[in-house]
Every structure is written in structure tokens, then in C-alpha cells.
Amino acid sequence: MKILSIATASLSLLASSLGHAQGNASSPSTVTSADVRSVAPAMDKYATVVLEGEIWRRPDLSARDRSIVTVAAMIARNQVIEMPAQINRALDNGVKPSELSELITHLAFYSGWPNALQAVAITRPIYAKRRIGIDQLPAVSPQLLPIDVASEAQRATSVEENFGSVSRGVVKYTGEVLFQDLWLRPALAPRDRSLVTISALIATGQVAQLGAHLNRAMDNGLTKPQASEVLTHLAFYGGWPNVFTAMPIVKTVFEKRPG
Amino acid sequence: MKILSIATASLSLLASSLGHAQGNASSPSTVTSADVRSVAPAMDKYATVVLEGEIWRRPDLSARDRSIVTVAAMIARNQVIEMPAQINRALDNGVKPSELSELITHLAFYSGWPNALQAVAITRPIYAKRRIGIDQLPAVSPQLLPIDVASEAQRATSVEENFGSVSRGVVKYTGEVLFQDLWLRPALAPRDRSLVTISALIATGQVAQLGAHLNRAMDNGLTKPQASEVLTHLAFYGGWPNVFTAMPIVKTVFEKRPG
Amino acid sequence: MKILSIATASLSLLASSLGHAQGNASSPSTVTSADVRSVAPAMDKYATVVLEGEIWRRPDLSARDRSIVTVAAMIARNQVIEMPAQINRALDNGVKPSELSELITHLAFYSGWPNALQAVAITRPIYAKRRIGIDQLPAVSPQLLPIDVASEAQRATSVEENFGSVSRGVVKYTGEVLFQDLWLRPALAPRDRSLVTISALIATGQVAQLGAHLNRAMDNGLTKPQASEVLTHLAFYGGWPNVFTAMPIVKTVFEKRPG
């Protein structure tokens, strides 16, 4: 029998779901608690007692911020299974549709275009079901936030000096498209944009730019307790090894910053 | 025409499969040998002659252990296409349903919750088809294995000293949930739990904790020839670059251990 | 309601697509521009103006080479959503079916067997639709390209000295299967094989072997402007962080090579 695994796994569910085309915004999870219990009862206990009962309720990071961290990590890792549930949860937790739209656009650059397209494919029917139309989405070409001229000049000089001889294209688009355009789009606050960026970096074990981006995040208003708690949250959603890989870099940033 | 790629790829297969909802435990592979030959004939030759004909039969690692390594790598990398076939193969190779359940629970922490949920979604219909019920699954709260007090104290002190100032939450849950609970659950032997952990780390190129976890694995009974053979097996399932990235760390561990 | 996320996301599309089983080779994208606009209008602007309007047209890398880079990156990252569209685009851009077949086989080793099987599952219906039969695919056991005896002896000695004590299996198959067989298969030129390899390494943030493989690529005829442009292209398809992680290694290689 020739059949794709995803079809193998989902066919019985899918067959019983024809006619329920666009998911259920009130469903807490795509893989139900009963599903988990039927395979890994202890995992369901950890999910209920620790992940839902403790982690999502810890005080140093709001539920809204935790949703940003969670969705960013899932898009960065291209994990589709829980993405519909977590995107619905993000909207329920107060992440605005315009913010989610910018988050996906941001990750097109920070986790690669195909990951963002996957997120679009999953988000589109959710927006349709919630009747979120173009009027709730960010303008294509809005008035940009004011740029910090000195800081951007310093960044541009550093990238030019380091990598001008390596790739003119990367240098060009890093400036023109990322730091002089994308990062200045107003529908996602710079602090939240940084939260998306560091969440994606940590969740995928990419540490080379984590120090610079964590400093930028804290310059943009992310507090030290919040950054600490991002690590706790991502231990569960990105896996312990990625968080332990990130911690030495976070430690160095914390130690070097005043206060 | 708007259609998701996974649907594009699977629709004809899927259409012909309606009514065969839960896969076929005796199928050796989801993508058949004929499928591979119709796209990449040489790849099928390598699969038949080298991967099946040699790798799975090499003596230093049992077929049962190779299944643990393979399934752990696939869950850690969120590779769904062959997961049903390899989970069935694991059960056929003597991995107990209770062990597989613990393996998935373990990887919820070591490769992130969404990866484990994906594995649950794929494993659930396989367990249903094989009539594996709750009686064959691990207890939610079993009698834990005895803890090595001195070793755990040393670990806790080290993490506290290194990262106590970085994230109280990570330090707390690493102790309370991982090393004082998860690792002591009896349905997966510590040696197998270590095998799962190092397979996940190697297959995802995460080397920062590999040295510590390989030492733990060997303390837990994984032999040097077995660890060597995990690398050979993962070269095929995790890709050559990840294995070559891991080898310097493995070399250092081998050289520093007595015997 | 129990339903897999991929089903949630695609069911309405899927339902409307029954009977259109194997995709549409002329479709420019699986997720349409209208889909993207309905979620992230700015992302669609960047796709239209920058990615399609500029990146794919930049002179230092041909559209055919960009397709090789793109497909290799997607297979290495196991990104299924745009894979059908990009495989069709690769064939339209002049990548021969035999070359694509070898690319997939090559990545079975360089990104892991399951990733290549996923690519086979997606490519099979595309080949069927285009009536690409076995006569257009590479021979299973062709006359191999002549081996550079001195260079291969040097590689073999280096791997043996470094890792002979770590894994006999890895050393054996790296020689016998990879460098004395796979790399010598004639249906994909060594320069293109190198292009596939470095694209996969960069797109997955695997830098440990990037220096060696970039040197090999340039020995095989990849020019410095082409390598620079691979970075620009992959910034979009693999994400900015992976490219910035790769740039210091690329810089070192560029600086050490004559000319």
C-alpha cells in the first residue's frame, strides 16, 4: 500500500472531519489530551500539571508574550502539528491579527521564506473563520518608525567591514530590507519583534547572533526576568538542549549589561 | 489552483487509500522501493544494498537498538514521512510499547513538545491497530528508580553555579522534572534513555551537551562499540554532516574514559 | 474535534481539489500570492518586489543554479510546503530530471535518508505528470568519473587519522560509498554536487564542514561571485541567521584562496 505517512496518520481523523473544514478555534489542542494518554500517559500528565498548570501561568512573562514565543518557535522549527491550536491561542491571548501578520513576515526573513509560507497556509483559514479581513492587517507600506541613525550606522559599518568582501547581496539586503524597513514597520513593536527573533534563534539552536539580538531586545525593552522566562518557556517548546546551548550566551549578555 | 504541497504530493495516493485508514504494519516503508526507483534509482540501490543489506545488520548494535536510534532521530528532526514505518519496525524489532511511550515522553523534553505531539499523532493509530491498550503503557506515576544522590547533587550544583543567575525556571525544572523524575521512570532503562538522548542530539547537530550525555550514556552501560555504531547508523538517518560534527566530541569522550 | 493540523489547514483546499491529483506544473506557487496577502500583505510585497523582482534575477547566479540551491535547501530543511512548486520551477529552469534525481540521492547522504524520501514522495507525481520515465533518469551503476587519486588519498588519510578510533563504520562508508562512488556519479557534475552540498550545509546552519566543502566547490569550478550569491539567495530561503552563521567561514575560505 502506497501512502504518505501524514496521510497514514491522519486519514481516519480526516475522513471523520470532512465538512469541518477550517478547524475549531475553541479547541485547546490539535492532538487531544485523550490522544496523548492513549500513547504516552505520562506525557499528558506533564502537559497538564507542569506545562499548562505551571509554565503558562508563571508571572514573569504574560500569556500574550508566551504565545508570541510559542508561535515564533513553531514557525522557526516548521512544526505544523500544533500550529493551528497555538495560533488560535495567540489570538485568544491578545496577540492582534496585525501583530501575528508581522510576526510571520518577520520570520520569513529570520527563519526562511518556506517556513513563513507554511505559517500563512495554516493561518489563512483561521483568519477566514474569525472573519479577520484586510482591514485588520498591517498596511503594505506604512509610515515607518523613526530609525536610530547612529545605531544603524554602527550596525551597517560593522557588517560592511566584516562581510563586505563576502557577499554584497547579503550586506545590501540586510540594510535596505531588514534594518531600514522590516524592523521599522510599526504594527509589531520593536520589543516584540526582538522577542520573535530571539525565540526563533533559541528554538533552532542558532547562537551566533543571539548575543547581538538579545542585547537589541533588552535595548528595546525586554527585561531580564522576561528573557529568563523565555528560556524556561522554550525549554518545553524548543527542547532542553537548545535552551542549554543558549544559556551561556544569555549569561554573558546579562553579566555585561548594567543593572 | 490552491492546494497545500503535502496534499499535492499525496492526493492520488490518499484518494486510492480511503478506507485503509490506519496504515499497514507489515509495510516495510511508506515510500515504496518502486516509488524511489521511479525518481532516484541509485538511491534505491543504496537503500537496498547498503542501508538494509549492511547497516541494519552490522553486529555492534542490535536491530532493536537501531530502531530506538532511528525513531529518536526522526522524532527529534520532526520527519514524518517514514515515522509510521519505523515505529512499526521498532515494535517488530522488540521495542516494547511501554518503551516507545517513554521514548516519546522523553523527547517531549529533549526535542520540544510539538515534536512529541507529532509522534503521538502518528503512533496512536498504530497502537490502535495493534490493539495496544493502556495496560501495556507505563503507569503515570510509577515507583521511580533509585536516584544516585551524589551524582545528582553534583549535577544540580553545576547547573546552579553556571546558570542560576540566568534562568531560575530552567534550573528548577531541569532538576525537579528531568533528573529527579523523568530520567528515573522505570519503563525505559537509563541506558536506553541515554541512547535516545544522544541519538536526538547527534541527529540535530546539537553538540553542546553531547559530551556530558555521552559520558552519562556510557556510565549507564552503553559500550564504546555501540556508541561508534550509533554514529554509523545516524550517518544515514541524520545525514553525514551531523555525524561529522559530532565525531570530535565523541572522540574526546572516548579518549578521556578509562579502558 | 480531533484532526491533524495539516488536515485542519488544508482540508478546505483539499476538498475542492479532489480530482486534480498531481499538482499543476505551471502553478508558480503552492501558497498563492492571494493567500499570502490575506494573512501578511507586506510579506507578499517583499516576495513580489524583492524575492522575485530582484533576487531571482541577480546576474551572478543563473536561474538554474538558484533552483538547485533552493531545492537543496528545502530538502535539507524538510520544508514540504513549497517543494512541489520549486521542483517544477527547477525543471522549468533547466535542471534536468537526471540531475534532480542525483540531487535527491546526494542529499539522502547529506541531509539524511528520511529527507530524501520526502523529496521522492513529492517528486514522483511531478515526474509522472511530466511523463519523465526511467529513460531520463541516471543509470543505477554508471561508468564513474575518474577519481583524483592523490586528493582522495589525502582525504582518506585525514579522516582515518582523525576519526579512525571513533567509528570504523563512518570511516568505511565515507570512503566506499560517498567519495569513491556517490561523488563520482556522472549525472550531476561535481561543481553542481558541491553546490547542493554547500547549500544544504548553509541552509541548516551546519558550519563544521562548510570550509572543506566550499573549498571543494571552488576546486570543482564554483566561482567566488557565485558562492557570494548563494549566500544572498539563501538569506531568503534558509533565513538570515543561517547565512550570518556561515559568513565567517566563507570569508576565511575566500581570503585563503589565491586570486
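What you see is a predicted model; the values in this text were computed from it and never measured. (Residues numbered from 1 in each chain as written. Chains lettered and ligands numbered in written order. Predicted model: local features only at pLDDT ≥ 70, side-chain atom pairs only at ≥ 80, totals over all residues. Heavy atoms only, no water.)

Comments concerning the overall build of chain A
Thought 1: Secondary structure assignment for chain A yields 13 helices and 0 strands.
Thought 2: Counting helices and strands in the order they occur from the N terminus, chain A gives α-α-α-α-α-α-α-α-α-α-α-α-α.
Thought 3: Buried residues in chain A amount to 64% of all 259 residues.
Thought 4: Across chain A, the fraction of contacts at a sequence separation of at least 24, relative to all contacts at a separation of at least 6, is 76%.
Thought 5: Accessible area for chain A stands at about 8,800 Å²; split by element, carbon and sulfur atoms hold 54% of it. (Helix = DSSP H or I, 4+ residues; strand = E, 2+ residues; numbered from the N terminus. Buried < 20%, exposed > 50% of the residue type's maximum accessible area, 1.4 Å probe, protein only. Contact = heavy atoms within 4.5 Å. Areas by Shrake-Rupley, 256 points an atom, 1.4 Å probe, with all protein chains shown as cover.)

Quick look at helix 4 (residues 63–77) of chain A
Residues and elements named next belong to chain A.
Thought 1: The terminal C-alpha atoms of helix 4, which comprises 15 residues, lie 21 Å apart, in line with the 21 Å expected from a rise of 1.5 Å per residue.
Thought 2: By the criterion of burial, helix 4 is predominantly enclosed, with 14 of the 15 residues buried.
Thought 3: Where helix 4 terminates, the next one or two residues include asparagine 78, which has phi positive at roughly 60°. (Expected span 1.5 Å × (residues − 1).)

Observations concerning the confidence of the model for chain A
Residue and element names in this part refer to chain A.
Thought 1: For chain A, the mean per-residue pLDDT works out to 90, and 88% of the residues sit at or above 70.
Thought 2: Confidence drops under a pLDDT of 50 for residues 1–28, and excluding neighbours within four residues, the segment shows 82 contacts in the predicted structure.
Thought 3: With a pTM of 0.91, the predicted complex shows an ipTM of 0.90. (pLDDT = per-residue confidence, 0-100.)

Comments concerning the environment of Val120(B)
Thought 1: With respect to the secondary-structure elements, Val120(B) resides in helix 7 (residues 113–129).
Thought 2: Here Val120(B) falls in the buried class, since its relative accessible area comes to 0%.
Thought 3: In this structure, the C-alpha to C-alpha distance between Val120(B) and Asp181(B), residues 61 residues apart in sequence, is 21 Å.
Thought 4: In this structure Val120(B) touches Val31(A), Asp35(A), Val36(A), Val39(A), Met43(A) and Ile104(B), once residues within four positions along its chain are discounted.

A short note on the nonpolar core
Thought 1: Phe109(A), Phe236(A), Phe109(B), Phe236(B), Phe109(C) and Phe236(C) are the most contacted members of the largest nonpolar core, which has 255 residues in total.
Thought 2: Lining this core are residues from two domains, each supplying at least three of them: domain 1 (23–138 + 191–256) and domain 2 (146–184) of chain B.
Thought 3: In this view, Phe109(A) contacts Val177(A), Leu178(A), Leu182(A), Tyr46(C), Ala235(C), Phe236(C), Gly239(C), Trp240(C) and Pro241(C); residues no more than four positions away in its chain are not counted. (Core = buried A, V, L, I, M, F, W, Y, C linked by side-chain atoms within 4.5 Å. Domains from an automatic or database assignment.)

Topic: the packing of aromatic side chains
Thought 1: In the structure shown here, the tally under the stated rule is 33 aromatic pairs over all chains.
Thought 2: The interplanar angle of 5° and the centroid separation of 5.8 Å between the aromatic rings of Phe179(C) and Trp183(C) together place this pair among those described as stacked. Neither residue differs from the other here; Phe179(C) and Trp183(C) are each classed as buried.
Thought 3: Clustering of aromatic rings is evident, with ring pairs tying together Tyr46(A), Phe236(A), Trp240(A), Phe109(B), Trp113(B) and Tyr173(B).
Thought 4: One residue, Lys172(A), lies across the ring of Tyr173(A), its end atom 5.3 Å from the ring centre.
Thought 5: The ring of Trp183(B) carries Arg216(B) above its face, with NZ or CZ at 5.2 Å from the centroid. (Phe/Tyr/Trp six-rings, centres within 6.5 Å; stacked < 30°, edge-to-face > 60°. Lys NZ or Arg CZ within 6 Å of the ring centre and 35° of its normal.)

With respect to unusual backbone geometry
Thought 1: The phi dihedral of Arg131(B) is positive, around 55°, even though this residue is not glycine.
Thought 2: Tracing the sequence through the fold places Arg131(B) in the loop between helix 7 and helix 8 (149–163).
Thought 3: Classification of Arg131(B) as exposed rests on a relative accessible area of 74%.
Thought 4: For Asn78(C), which is not glycine, the phi torsion reads 60° and is therefore positive.
Thought 5: Structurally, the position occupied by Asn78(C) is in the loop between helix 4 (63–77) and helix 5 (83–92).

Remarks on the UniProt feature "domain: Carboxymuconolactone decarboxylase-like" (unreviewed entry) in chain A
Residues and elements named next belong to chain A.
Thought 1: Here, UniProt's "domain: Carboxymuconolactone decarboxylase-like" (unreviewed entry) annotation points to residues 42–124 and 172–251.
Thought 2: Here residues 42–124 runs as 75% helix and 0% strand, with 34 Å between its end C-alpha atoms.
Thought 3: What you have in residues 172–251 is 72% helix and 0% strand, and the ends, taken at the C-alpha atoms, are 32 Å apart. (UniProt positions renumbered as here; feature names shortened; annotations may be inferred.)

Remarks on the side chain of Gln209(A)
Thought 1: For Gln209(A), the position within the fold is in the loop between helix 10 (190–203) and helix 11 (210–219).
Thought 2: A relative accessible area of 13% places Gln209(A) in the buried class.
Thought 3: The contacts of Gln209(A), once residues within four sequence positions are left out, are Leu201(A), Pro241(C), Phe244(C) and Thr245(C).

Quick look at the packing of helix 10 of chain A against helix 11 of chain A
The geometry of a pair of packed helices is captured by two quantities: the angle between their axes and the separation between those axes.
Residues and elements named next belong to chain A.
Thought 1: Contact pair helix 10 / helix 11: the axes reach a minimum separation of 9 Å and the direction vectors enclose 155°. Taken together, the axes of helix 10 and helix 11 lie roughly antiparallel to each other. Helix 10 and helix 11 meet at a crossing whose hand is left-handed. Contacts between helix 10 and helix 11 pair Ser194, Thr197, Ile198, Leu201 and Ile202 from the former with Leu210, His213, Leu214, Arg216 and Ala217 from the latter.
Thought 2: Taken together, the residues of the contact of helix 10 with helix 11 sort by class into 6 nonpolar, 3 polar and 1 charged. (Axes fitted to C-alpha atoms, helices over the stretch in contact; angles between N-to-C directions. Parallel < 35°, antiparallel > 145°, perpendicular 65-115°, else oblique. Left-handed = near helix turned anticlockwise from the far one by under 90°. Nonpolar A, V, L, I, M, F, W, Y, C, P; charged D, E, K, R; others polar.)

A look at the environment of Ile202(A)
Thought 1: Tracing the chain through its elements places Ile202(A) in helix 10.
Thought 2: Separated by 14 residues in sequence, Ile202(A) and Arg216(A) have C-alpha atoms that sit 15 Å apart.

Focus on the side chain of Arg191(B)
All names here are of chain B.
Thought 1: Relative to the helices and strands, arginine 191 resides in helix 10 (residues 190–203).
Thought 2: When its relative accessible area of 14% is taken as the criterion, arginine 191 is described as buried.
Thought 3: Within polar-contact distance, the side chain of arginine 191 engages the side chain of aspartate 65 at 2.6 Å.
Thought 4: A distance of 2.9 Å separates a polar atom in the side chain of arginine 191 from a polar atom in the side chain of aspartate 192.
Thought 5: Excluding its chain neighbours within four sequence positions, the residues that come into contact with arginine 191 are Arg64, Asp65, Asn220, Gly221, Leu222 and Gln226. (Polar contact = N/O pair within 3.5 Å; in protein donor to acceptor, adjacent residues only side chain to side chain.)

Here we look at the pattern of salt bridges
Thought 1: Applying the stated criterion across every chain, the model contains 54 salt bridges over all chains.
Thought 2: For Arg58(A), the salt bridge identified is with Glu229(A), shortest N-O distance 2.5 Å. Taken as a pair, Arg58(A) in the loop between helix 3 (41–52) and helix 4 and Glu229(A) in helix 12 (residues 224–237) lie far apart in primary sequence, 171 residues in all.
Thought 3: Arg58(A) sits in the buried class, given a relative accessible area of 19%.
Thought 4: By relative accessible area, Glu229(A) is classed as buried at 3%.
Thought 5: Its salt-bridge partner being Asp92(B), residue Arg130(B) comes within 2.9 Å of it at the nearest N-O pair. Placement of Arg130(B) in the loop between helix 7 and helix 8 and of Asp92(B) in helix 5 (residues 83–92) is noted, with a sequence separation of 38 residues between them. (Salt bridge = Lys/Arg side-chain N within 4 Å of Asp/Glu carboxyl O.)

Observations concerning the packing of helix 7 (residues 113–129) of chain A against helix 3 (residues 41–52) of chain C
Thought 1: For the pair helix 7 of chain A and helix 3 of chain C, interaxial distance at closest approach is 12 Å and the crossing angle is 145°. In this structure, helix 7 of chain A crosses over helix 3 of chain C, and the sense of that crossing is left-handed. On the side of helix 7 of chain A, the interface is formed by Trp113(A), Ala116(A), Leu117(A) and Val120(A), while helix 3 of chain C contributes Met43(C), Tyr46(C), Ala47(C) and Leu51(C).
Thought 2: For the contact of helix 7 of chain A with helix 3 of chain C, a count of residues per class yields 8 nonpolar, no polar and no charged.

Here's the deal with helix 6 (residues 97–110) of chain A
Residues and elements named next belong to chain A.
Thought 1: Taking 1.5 Å per residue as the helical rise, helix 6 with its 14 residues ought to reach 20 Å, and the 20 Å between its terminal C-alpha atoms agrees with that figure.
Thought 2: Counting buried positions over the 14 residues of helix 6 gives 14, a clear majority of the element.
Thought 3: A positive phi of about 100° marks glycine 112, the residue just after helix 6.

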